[in-house]
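# Commentary on secondary and tertiary structure
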Amino acid sequence: LTNNHVAGDADRMNVKLSDGREFIAKLVGTDPQTEVAVIKIDATDLPVATLGDSDKIRVGEWVLAIGSPFGLSHTVTSGIVSARGRGDVRIVDYADFIQTDAAINPGNSGGPLLDIHGNVVGMNTAIASRSGGSVGIGFAIPINMVKYVAEQLKNNGTVTRGFLGVGIQPLTPELSKYFGSKENNGVLIHRNSKLIRME
């Protein structure tokens, strides 16, 4: 498993393991809309990380990020889960990022975000930074989303998604008043430029 922007359009990639072995990897599939890619190497006796349950992590929980920032292989940084469900960071179409202050830099992409038990709970993907280096605002794709996308990539080479054809927006006090609703929270669903009331 890695990021789409790491695998890119390459048909073949070099993969180097921590024990020094090197392999040519084949691209199985990518999903630019979630930034997930699956590659394959033909090898035996491979170490395997345990994929955890990203739905169980909580804000404030300790996490570790592993990667090769700036080419420094096997670098481990620590931090906490700063937020969950970050979808407004303009990285991908389908976002539900885990935000962490564990240092993530160029070269960490596609690496694991681990909980304190060593289970992979996310895939390091991006940072928010004006300098290009870590300022304590990093983002990882929740591993549950990665597993879902990876399964489709392995089976089909692509991801198939349903489409509702509707737009959703918060129900503001102004909209609530316009529609005569007594509630100020909820969502407003619209279709074909026509608004449909929903509480």
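Think of each chain on its own: its residues are numbered from 1, step by step along the sequence as written. Whole-chain, interface and lining totals are the exception, using all residues; otherwise, since this is a predicted model, local features are given only for residues with pLDDT of at least 70 and side-chain atom pairs are given and counted only at 80 or more. No hydrogens and no water enter the side-chain calculation; it runs on all heavy atoms of the structure.

### Topic: the overall build of the protein chain
Quick note on the threshold: Runs of E in the DSSP output that reach at least two residues are strands. Runs of H or I that reach at least four are helices, and both are numbered from the N terminus. Remark: exposure states derive from per-residue accessible area (1.4 Å probe, protein chains only) relative to the maximum for the residue type, with buried under 20%, exposed over 50%, and partly exposed in between. Only the protein chains shown count as cover for residues, and all accessible areas are computed by the Shrake-Rupley method using a 1.4 Å probe. Charge assignment in this entry is limited to Lys and Arg as positive and Asp and Glu as negative, and neither His nor the chain termini are counted. Here the site of a charge means NZ on Lys, CZ on Arg, CG on Asp, or CD on Glu.
Per the secondary structure count, the protein chain includes 3 helices and 13 strands. Counting only C-alpha atoms and orienting by the principal axes, one finds that the protein chain spans roughly 65 × 35 × 30 Å. Taken across its 199 residues, the protein chain has 35% of its residues classed as buried. Just so you have it, the protein chain exposes about 12100 Å², and 52% of that area is on carbon and sulfur atoms. On the protein chain, the mean spot of the 19 positive side-chain charges and the mean spot of the 20 negative ones are 6 Å from each other.

### Here's the deal with the nonpolar core
Note the following rule: Among buried residues, those of type Ala, Val, Leu, Ile, Met, Phe, Trp, Tyr and Cys that are joined through side-chain atoms within 4.5 Å constitute a nonpolar core. Note on contacts: a residue pair qualifies if any of its non-hydrogen atoms lie within 4.5 Å across the two residues.
The biggest cluster of nonpolar side chains holds 15 residues, and the ones touching the most others in it are V36, F97, I141, V146, V149 and L153. Counting only elements with at least two residues in this core, the list comes to strand 4 (36-40), strand 9 (120-127), strand 10 (138-142) and helix 2 (143-156). Broken down by element, the residue count for this core peaks at 5 residues, all from helix 2. Contact partners of F97, with chain neighbours within four places excluded, come to A83, R84, G85, R86, V89, I91, V92, T125, F139, A140, I141 and P142. By size, the runner-up hydrophobic cluster in this structure holds 10 residues, among which are V63, A102, I104 and A140.

### Things to note about the confidence of the model for the protein chain
To keep it simple, the criterion reads: The predictor attaches a confidence to each residue, and that confidence, scored 0 to 100, is pLDDT.
Considering every residue of the protein chain, the mean pLDDT works out to 88; 95% of them sit at 70 or more. Per-residue pLDDT, averaged within each element of the protein chain, yields its smallest value for strand 13 (residues 194-196) (43) and its largest for strand 8 (residues 112-115) (98). Counting interchain partners and residues more than four positions distant, the pLDDT-below-50 stretch residues 193-199 has 16 contacts.

### Looking at the pattern of salt bridges
What counts, and what does not: Salt bridge, as used here: a side-chain nitrogen of Lys or Arg that lies within 4 Å of a carboxyl oxygen of Asp or Glu.
Tallying each qualifying case throughout the model produces 2 salt bridges. With a shortest N-O distance of 2.9 Å, R21 and D19 are connected by a salt bridge. By relative accessible area, R21 is classed as partly exposed at 28%. Residue D19 is classed as partly exposed on the basis of its relative accessible area of 48%. Measuring nitrogen to oxygen at the nearest pair gives 3.8 Å for the salt bridge that ties K154 to E151. Of the two residues, K154 and E151 both sit in helix 2, 3 residues apart, roughly one turn of that helix.

### Quick word on the side chain of T125
Selection criterion: Pairing of N or O atoms within 3.5 Å defines a polar contact, subject to two protein rules: one partner must be a possible hydrogen donor and the other a possible acceptor, and residues neighboring in sequence count only if both atoms are side-chain atoms.
Inspection of the secondary structure assignment puts T125 in strand 9. At a separation of 2.8 Å, a polar atom in the side chain of T125 contacts the main-chain carbonyl oxygen of M123. Each residue touching T125, except ones within four places of it in the same chain, is listed here: N3, H5, E35, F97, S109, F139, A140 and I141.

### Here's the deal with unusual backbone geometry
If you check the backbone angles, E35 has positive phi at about 70 degrees while not being a glycine. Looking at the secondary structure, you find E35 in the loop between strand 3 (22-31) and strand 4. A positive phi angle, near 55 degrees, is found at D45, a position not held by glycine. Following the sequence through the fold, D45 ends up in the loop between strand 4 and strand 5 (62-67). Classification of D45 as exposed rests on a relative accessible area of 72%.

### Describing the environment of P170
With respect to the helices, strands and loops of the structure, P170 is situated in strand 11 (residues 167-170). In this structure, the C-alpha to C-alpha distance between P170 and N156, residues 14 residues apart in sequence, is 35 Å. Sequence-distant contacts of P170, defined by excluding residues within four places in its chain, comprise L175 and G186.

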